[in-house]
Amino acid sequence: MFWGIITLIFDDKGATIKTIRIYALLFGFFCVSMVMVGFLIYKANHNLYVEDAKNSVESVLNLTQELISHKKQLALSIALMFSQNEAIKEAYRDENRERLFELITHEIHTTKQYLQMEHLEVQLHTKEAKAWVRSWDFESYGSELATWRKGIALLHENKVPMVAVELGKRLNIKALAPIFDTDEFMGSLEVIIGFEEIAQNLREKKIDFAILMHHQLLEIGSWMKELEQINDYVVVSSSCPTNCHTTLYPVAMPEILEQGFARNNHTLFGFTPLFDLESKPIGYIGVWFSESLLKDSLLLRATLTPHPHLHVKTLSPASQTTPREILIR
């Protein structure tokens, strides 16, 4: 009987140990399960955050492209208006450079005041596609343009108004319009608008902006050689904030630029390709802003405040019975 009691005691202890082990395994399994659930929740939240961030960046890129499109339309309207100015046509007929310089200087001043613009330049070309009068440099004229300016060559070939982001000695928005004396082609007029006001519009929404141009294109854009270069790109923005080069340096990599989205140091970046008239890559449009802006999505969907529109009665000389096509790229 004594040994029976001892055996029973040991059996009870064995059962207790087994029970403890079972509870320990269950508790361990519960802890592992909770960790896994927590990780899955974190992963899901992270993926949702990244998706929201990408959507916000896409909204900002769309806003930026709308601003660029608006500036293109504005530049084209100004070019068409100037090209039909009778005083400019008369000065062309008289081959009077001094009078043309005086006229375009006055028109630029008036247009800037009316449209509340800060940056606007005009260049006039001869019918042989040579530089004739430049609003920023009266003494510079006579240089051949069609051999290296694709837009001017295309306009002088087709006599069709056009506008595009084009690379010349600088990269900016260029609108071109032919100048006619009745049916005679006398030359062309070019309106040039930079990206400064686009950058200002975005900065008011706490968004930074720059264009990253392939550095190989500096062979053409000789006036941009003094601009900052990051990796293989030139930062085309005279209003780039003081720390933008430091901010862009870690993300201005081909693989990131092609992907179009990046996060770095609590900042979100978005990039989209930029092409020339022949659909060849020039570089990338870049935007970036603090992750804190995601808390106010209305900011990223803010509507544009357009400039007053210019009203152009005709898009071609009045003597023509059908309007000319306009090329916008």
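Note that this is a predicted model, so its numbers are computed, not measured.

### Focus: the overall build of the protein chain
Here's step 1: A count of helices and strands for the protein chain gives 8 helices and 12 strands.
Here's step 2: In the protein chain, which comprises 329 residues, the proportion classed as buried is 44%.
Here's step 3: Long-range pairs, those at least 24 residues apart, make up 59% of the contacts in the protein chain with a sequence separation of at least 6.
Here's step 4: Total accessible area on the protein chain stands at roughly 18300 Å², and carbon and sulfur atoms take up 56% of it.

### Some remarks on the environment of Pro273
Here's step 1: Structurally, Pro273 is set in strand E10 (residues 267-275).
Here's step 2: Remark: the alpha-carbon pair of Pro273 and Gly283, spanning 10 residues in sequence, is separated by 6.0 Å.

### Regarding the confidence of the model for the protein chain
Here's step 1: Confidence in the prediction for the protein chain averages 80 pLDDT; 73% of positions are at 70 or higher.
Here's step 2: Across the protein chain, element-level confidence peaks in strand E1 (residues 121-126) with a mean pLDDT of 97 and bottoms out in helix H8 (residues 297-300) with 48.
Here's step 3: In the model, residues 42-46 has pLDDT below 50 throughout and makes 1 contact with residues more than four positions away in sequence or in other chains.
Here's step 4: The low-confidence segment residues 298-324 (pLDDT under 50) makes 53 contacts with residues lying over four places distant or belonging to another chain.

### Points about the pairing of strand E8 (residues 233-236)
Here's step 1: Every second residue of E8 is oriented toward a common face, with Tyr233 and Val235 on one face and Val234 and Val236 on the other, all of them buried.
Here's step 2: Relative to E8, strand E6 (residues 208-214) runs antiparallel, the two sharing 4 bridges. Bridging across to E8, Leu212 finds its partner in Val235.
Here's step 3: Pairing between strand E7 (residues 229-230) and E8: 2 bridges, direction antiparallel. When the bridges of E8 are listed, Ile230 appears paired with Tyr233.

### With respect to the packing of aromatic side chains
Here's step 1: The final tally for this structure, using the stated rule, is 7 aromatic pairs.
Here's step 2: Among the aromatic residues, ring-to-ring pairing joins Phe269, Phe271 and Trp288 into one connected group.
Here's step 3: Lying across the ring of Trp132, Arg97 places its NZ or CZ 5.8 Å from the centre.
Here's step 4: Geometry around Trp136 places Arg170 over its ring, the cationic atom sitting 5.7 Å from the centre.

### Description of the nonpolar core
Here's step 1: Formed by 61 residues in total, the largest nonpolar core has its most connected members in Leu124, Leu171, Val191, Phe209 and Met213.
Here's step 2: In terms of residue count, helix H1 (residues 2-83) provides more of this core than any other element does, 14 residues in total.
Here's step 3: Those residues in contact with Leu124 that lie beyond four places of it in its chain are Tyr92, Leu100, Ile104, Lys130, Ala131, Trp132, Val133, Ile179, Ser188 and Leu189.
Here's step 4: Residues Leu248, Val251, Ile256 and Phe271 belong to the second largest nonpolar core, which totals 16 residues.

### Considering the pairing of strand E9 (residues 261-264)
In the case of a regular strand, side chains alternate between the two sheet surfaces.
Here's step 1: Bridge count for E9 against E10 is 4 bridges, and the pairing is antiparallel. Considered in E10, the bridge of Arg263 is made with Leu268.
Here's step 2: Between E9 and E10, which follow one another and run antiparallel, lie 2 residues, and Asn265 among them has a positive phi close to 55°.

### Some thoughts on the sheet that holds strand E11 (residues 281-290)
Here's step 1: The 6 strands are arranged E7-E8-E6-E11-E10-E9 in an open sheet whose pairing can be described as antiparallel. Of all the strands in the sheet, the pair left with one neighbour each is E7 and E9.

### Re unusual backbone geometry
Here's step 1: In this structure, Ala129 takes a positive phi of about 65° despite not being glycine.
Here's step 2: As for its placement among the helices and strands, Ala129 is situated in the loop between E1 and strand E2 (131-134).
Here's step 3: Despite not being glycine, Ser279 shows a phi value in the positive range, around 60°.
Here's step 4: Turning to its location among the elements, Ser279 is positioned in the loop between E10 and E11.
Here's step 5: By relative accessible area, Ser279 is classed as exposed at 57%.

Thresholds applied
- Chains are numbered independently. Their residues run from 1 in the order of the written sequence.
- Two thresholds apply to this predicted model, a pLDDT of at least 70 for residue-level local features and 80 or more for giving and counting side-chain atom pairs, whereas whole-chain, interface and lining totals are computed over all residues.
- Computation of side-chain values covers all heavy atoms of the structure but excludes hydrogens and water.
- The helix count covers DSSP runs of H or I at least four residues long, the strand count covers runs of E at least two residues long, and both are numbered beginning at the N terminus.
- When a residue's accessible area, from a 1.4 Å probe over protein chains only, is under 20% of the maximum for its type it is buried; when over 50% it is exposed; and in between it is partly exposed.
- It only takes one pair of heavy atoms within 4.5 Å for two residues to be counted as in contact.
- Per-residue accessibility takes into account occlusion by the displayed protein chains alone, with areas from the Shrake-Rupley method and a 1.4 Å probe.
- One number per residue, pLDDT, summarises how confident the predictor is, and it ranges from 0 to 100.
- Any two strands with at least two DSSP-identified bridges between them are counted as paired.
- Centre distance within 6.5 Å is the pairing criterion for rings of Phe, Tyr and Trp, where only the six-membered ring of Trp is used; planes under 30 degrees apart are then read as stacked, over 60 as edge-to-face, and the remainder as tilted.
- Working rule: Lys NZ or Arg CZ, within 6 Å of ring centre, within 35 degrees of ring normal, means a charge sits over the ring.
- By nonpolar core is meant a set of buried Ala, Val, Leu, Ile, Met, Phe, Trp, Tyr and Cys residues that side-chain atoms within 4.5 Å join together.

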